[in-house]
Amino acid sequence: MDMLLDPAFLASVPRFVVPVLLAALGGALCERAGVFNIALEGFVLVGAFAAVAGSWLGESALLGIVFACLAGAAMGLVFAEFSVRRGGDAIVTSVALNLLAIGLTTYLLRALFGVTGAFRDARIDGLGTLDLPILAGWPVLGPLLSGQSPLLLVAVLTALLLHLGLARHRLGLRLRAAGEAPAALVAGGVSVRRVRTGALVACGVLCGLAGAQLSISNVNLFVENMSAGRGWIAVVAVLLTRGRPLPLLGVAILFGTADSLSVRIQGLGLPQQATDALPYLVTLVALVVASVWRLRRSAPGAAS
Amino acid sequence: MKAAGSGLDKGLGPVVRTIAAWSGVALPLALIGWGLIALAGAPLGEAIDGFLRGAFGGRRNAYLLTTLSRAGLIIGMAMAAWLSFRAGLFNIGGEGQLVLGGLSAALVAIHAPGPAPVAIALAFAAGMAAGAAWAMLAGVLELAAGVPLLIGSLLLNYPASFFASWVVGHPFRDVASGLPQTVLLPAERWLPNFSGTRLDVGVAFIAVVTVLVIVYGATTTHGLRARLNGQAPAFARASGLAVRRLSLQTLAASGALAGFVGALAVLGLHHRYSDGMLVQPLYAWTGIVAVLLVGLVPWAVPLAGFFFAALATGAAGMERTAAVPREIALILQACVILFVAGRTARSVPGARRDDPGS
Amino acid sequence: MSSERDARAGEPLHAALSDVTVRFGGQVAVDALSLHFEPGQVHAIIGENGAGKSTAVNVLFGLVAPDEGEVRIDGMARRFRSPHAAIQAGLGMVHQHFTLVEDMSVLENVVLCAEPDAGAGLVDFQAARAVLDRLAAEHGIMVEADARVRDLPFGARQNVEIVKALYRDARLLVLDEPTAVLTPRESEALFAMLRRLRDAGRTIVLITHKLDEVLAISDRVSVLRKGRLISSRRLDAGATVEDSAAGGRAGLRDVLAREIVGGDLPAPLRRAERAPGEIVLRAQAVRRREGAMTVGPLDLTLRGGEILAVAGVAGNGQGALVRALVGLDRQASPGPDASRGRIELAGVDVASVDVAGRRALGLCYVPEDRRHTGLALDASVAENASVARLDAPPLVRGPFLVRRAMRAFAAGLIERYRIAARGPRARAGTLSGGNQQKLVVARELELGGVVTIAENPTWGVDIGAIAAVHRELMAMRDDGRAILLVSSELDEVLALADRTLVMSGGHFVAEFARGEATRESLGRAMTGGAASARGSDVVGGLAA
């Protein structure tokens, strides 16, 4: 238990929360807009690669961020083109894009950088950290919030913005309508396609940032299949919360903590594979618990 | 909106439209392929030559046989996915079922006592049982705990892989080889090859199984009921079909087939189980996309499977001769799916969301 | 963009369809149709299902482009490329299926896509509320701005749709089958509102197939049949249907009915005199939930050789009752649960019996939703017809289907019930609505079950098919089988039922024997006004 409050552990938690949270927020936008996007894993992977490429190219983490956002947006546009515009099934499109991401990143790793497996280089500029001097001294919040990647702030702010925007902003209303009653938008003269495309592009950008967190903040390199399931965990988070930003924040923190824990307890003598599997098992358990809880809450005599 | 009639609807129309449609897929793909090859700095002619030889040529057709062998595994996984998808079951856990099936088969084939045919049969049985159980677990998670099958089956892939990785990394490791893999199967327990070739009879097994599965779908009561359950679940319930039993049985069959494929890969191709050997080539995912590509039309699945297998081995050849990374195959594969899926909306019955967006 | 709207707000709007023809594939949906819609008038367009009413109005609204002819607004030809353009020109439409976002509040729904800007894209809800208040004062339409649409009854939802249109300064308002889901009381409130709007100078267009409503509210009636205009008349305001002094009004009703059908109305069904037989279905204290509503406790008994109707507006618990009887709502862990009540089918307690088991006991089911529950649209006619017969020969041999036998069986159904289909191999989805319904009815009736539950069996179906289905049901009843008819169509209930139960708010609120039920007494009962078994006039407040 004091492991959980150990400052070193606390400092490591956001490293795992940020990618899941960012990707999940992107997924939430799609979910609310009525796009069943389960290609988050691929989006994040592409973002991770682009971040390293950009950072290496300009020896600047900022360029890496820019590349990551652009790459993610591009993935979103591809999804929009084949699914929203041409009417392809969203699940099929997602599967294809996940595979595309694996293939493309590995291919470019070899074609552009001439390596396999992992790419390390001194030219890759890391993202650096953001110190919050006011908080730095606080017992729990200090290591948790200060000295972390700036993307943590971005992620939390995005969650809050999304929460407010969905309720109060014109775009938020239309996004919700696109997901729940597209006919209402059609009658209102707003293109459902455009709304969904916008959601996909924004999702791409957020997932790109998630990838950047993985590749130029948590570490300074790119490894094949770097997203390692974070995208799928984000998908589960979106499903659990039905894309509502504030619960999503909570769930992402839960999953991120489990992820971080699994790394921590590796030192305790369990085989590495067990700790690798832990985040997936945690998400499965969370899904079961949530479903059972939901079933119990609904009135007796509900359909089986 | 109004359906607009046009001149293309009559006469040669359908032919022209089909050609136009496939050109709409082939041309962008060719462009993408060319772009990727250029990016790798490889000469185009050598690359294409390497591709063709890698897929179909080789000394004594060695590469063609590799393509066939690989196609067999992909087709097997595709038919496993087909069984599930046509019944409205979004089981994308083929990878986990494949891995556990292969692992179980390997362990049984190595350690089971008795004469070789018995051991081989037991190995297949073990593989099928493991695959079926893992698939049914995802089904139970949905029925009892409300976890959507899509997510549950997918999430189960990971623990399965990790578990297999641990098993061949620790308790059942072939220490002498220093690699995370089992020992080689005893030679008499290998599946025989077609005489005079290096191709194991596994391909024939797959062919037989594919035919059986297609016949099942078209001619049996269970096959019809499963299909109706997938196409019209409310109708199935109101008609009194045993929806849950059908779902679990179909999942079991799908998982068993995946396990069978895993056993085949172990007994026929690699003769041992090594970490990642079934995951790395993406057999399960390629099978899934092959089925999605042909829109669940069963007789077209072997064609798609062969196509993707050729793509993969051809790319390997292209890597050997022109140093083009072989992942180009995966990229092209994904692009094919994107382009074709974009033309056939709702290729999977009962897909979770209908995108009405217009 | 909204300048056109602002400039013309409040001015009277004349609209017209001028020689409009619409073809879908090879079919003519609307044939050289010309209609005028004048301000200060309620113009009703009537016709049976498939007559082209909705298509005609969709042309007006820009949802469908006409092949010939044009739309004129205030004398000028206009081509609307989208419903949005039509809205900008001052048209408003309330669809049969509401285009509301259920999870949003009324206020959010009303402003959607016309949101007042509070800066940076944030929505100025205050301004919107002010407009709503103004509309309420001007037109007497009350809506709860902050209620979630999901929680509103259908009548209130319809008001939201109307407010949406008025918010956008609609000067012409089209309502497509507005009373389909309303109780008689809600319908009256709607009509009062429409009269107010008309008197304020708006143009009202009403699409309906209910003659009585038309005569009650409209100033002009146009009859469509097979896409053509058959007649268009002005009506004098005032007189109700029962105005016996002016024999003309009742006569008008018959004239219109004949114009709708294009000939003589089908003869009223004859029923054999028979005493009801054994009890085949019994429900005791059955309790369920439908959304937020508690349904029950319900008691009913059904005997062989009778048609028991459960009448009521949709959404009053009928769905839960049917699901309970058919077995579609069994809990994951079956087992008798005292609080849910008891259902007996052919004398057997079916608490732990699933749908297949109940069908084996002799239950047949014609579901309301023929497209998703009654049929598998992607499967062939033969497969759809055979689905309940796959346990034993001749349609199966061992584990294998005998497709030839399946096709022969389906061909027999097609012929006997005169189903228009290309053949047993045709996809069920290629059949028209009426023929799909005939297929479902045919399949279920052929099973020869002792109890048939028919849920709105003629919804959305043309008159010929309605008559066919009613004939079949009556034949079954004469033959000694039992039918539970759940219907929201009063005419259907009055024509078929031996006994009638009225369902409202999840309870049976009235019971009528044959000959005792009239439109009025049924209608009153449906709003919860107490009506005793003898049908006497009792004016009461709303029941629970």
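Everything numeric in this text was worked out from a predicted model, so none of it was measured.

1. Section: the domain arrangement of chain C
Point 1. Partitioning chain C into structural domains gives domain 1 (1-90 + 172-265), domain 2 (98-168) and domain 3 (279-526).
Point 2. When each unit is reduced to the centre of its C-alpha atoms, the spacing between domain 2 of chain C and domain 3 of chain C is 39 Å.

2. Side note on unusual backbone geometry
All names here are of chain C.
Point 1. A cis geometry characterises the amide bond from Pro393 onward to Pro394, with omega recorded as 5°.
Point 2. Mapped onto the elements of the fold, Pro394 is located in the loop between α13 (381-386) and β17 (396-397).
Point 3. The backbone of Ala32 sits at a positive phi, close to 45°, despite the residue not being glycine.
Point 4. Along the polypeptide, Ala32 turns up in strand β2 (residues 27-37).
Point 5. The class for Ala32 is partly exposed, based on 14 C-beta atoms found within 10 Å.

3. Observations concerning the interface of chain B and chain A
How big an interface is tends to be stated in terms of the accessible area lost upon association of its parts.
Point 1. Contacts between the two partners involve 45 residues from chain B and, on the opposite side, 47 residues from chain A.
Point 2. Of all elements in the fold, only α1 (13-39), α5 (116-145), α6 (149-169), α11 (283-293) and α13 (328-341) of chain B reach the threshold of two or more residues within the side of chain B that touches chain A.
Point 3. In terms of residue class, the side of chain B that touches chain A is made up of 31 nonpolar, eight polar and six charged.

4. Quick word on the interface of chain B and chain C
Point 1. Of the residues lining the interface, 17 residues belong to chain B; the matching set on chain C comes to 27 residues.
Point 2. With five residues, the top contributor of residues to the side of chain B that touches chain C is helix α8 (residues 221-231) of chain B.
Point 3. Taken together, the residues that form the side of chain B that touches chain C break down as eight nonpolar, seven polar and two charged.

5. Quick word on the environment of Arg403(C)
Point 1. Of note, Arg403(C) is situated in helix α14 (residues 403-416).
Point 2. C-alpha separation for the pair Arg403(C) and Ala382(C), spaced 21 residues apart in sequence, amounts to 8.3 Å.

6. Digging into the sheet that holds strand β4 (residues 68-73) of chain C
Residue and element names in this part refer to chain C.
Point 1. Pairing is antiparallel across the open sheet formed by four strands, whose spatial order is β2-β1-β4-β5. Among the strands making up the open sheet, the edge pair consists of β2 and β5 (76-78). Across the sheet, the mean angle from the axis of one strand to that of its neighbour is 30°, orientation sign disregarded.
Point 2. Across seven bridges, strand β1 (residues 15-24) lies against β2 in antiparallel orientation. Bridge assignment links Leu17 to a residue of β2, and that residue is Leu35.
Point 3. Packing against the sheet, helix α2 (residues 53-60) makes contact with β1, β2 and β4, and its axis sits at approximately 120° to β1.

7. A look at the sheet that holds strand β14 (residues 342-345) of chain C
All names here are of chain C.
Point 1. The antiparallel open sheet is built from four strands, whose spatial order is β12-β11-β14-β15. Looking at strand neighbours, the two that pair on one side only are β12 (293-303) and β15 (348-349), the edges of this open sheet.
Point 2. On the sheet, helix α10 (residues 318-326) packs against β11 (279-290), β12 and β14 and is oriented at approximately 125° with respect to β11.

8. As for the packing of helix α7 (residues 202-219) of chain B against helix α10 (residues 243-270) of chain B
Residue and element names in this part refer to chain B.
Point 1. Following both chains from N to C, one finds α7 and α10 inclined at 160°, their axes separated by 10 Å at the closest point. Comparing their axes, α10 and α7 come out roughly antiparallel. The crossing of α7 and α10 is right-handed. Every residue of α10 that contacts α7 at Gly202, Phe205 and Val209 is listed here: Leu257, Leu264, Gly268 and Leu269.

9. Side note on the packing of helix α3 (residues 62-86) of chain B against α11(B)
A pair of packed helices can be characterised by two numbers: the angle between their axes and the separation between those axes.
Residues and elements named next belong to chain B.
Point 1. Between α3 and α11, the least distance of the axes is 7 Å, while the angle of their chain directions is 60°. Judged by the angle between their axes, α3 and α11 are oblique. For the pair α3 and α11, the crossing hand works out as right-handed. Of α11, the residues touching α3 (which contributes Leu73, Ile74, Met77, Ala78, Ala80, Ala81, Trp82 and Phe85) are Tyr283, Ala284, Thr286, Gly287, Ile288, Ala290 and Val291.

Quick notes on the rules
- Residues numbered from 1 in each chain as written.
- Chains lettered and ligands numbered in written order.
- Predicted model: local features only at pLDDT ≥ 70, side-chain atom pairs only at ≥ 80, totals over all residues.
- Domains from an automatic or database assignment.
- Helix = DSSP H or I, 4+ residues; strand = E, 2+ residues; numbered from the N terminus.
- Buried ≥ 20, exposed ≤ 12 C-beta atoms within 10 Å, placed from the backbone.
- Contact = placed C-beta atoms within 7 Å.
- Nonpolar A, V, L, I, M, F, W, Y, C, P; charged D, E, K, R; others polar.
- Pairing = 2+ DSSP bridges.
- Axes fitted to C-alpha atoms, helices over the stretch in contact; angles between N-to-C directions.
- Parallel < 35°, antiparallel > 145°, perpendicular 65-115°, else oblique.
- Left-handed = near helix turned anticlockwise from the far one by under 90°.

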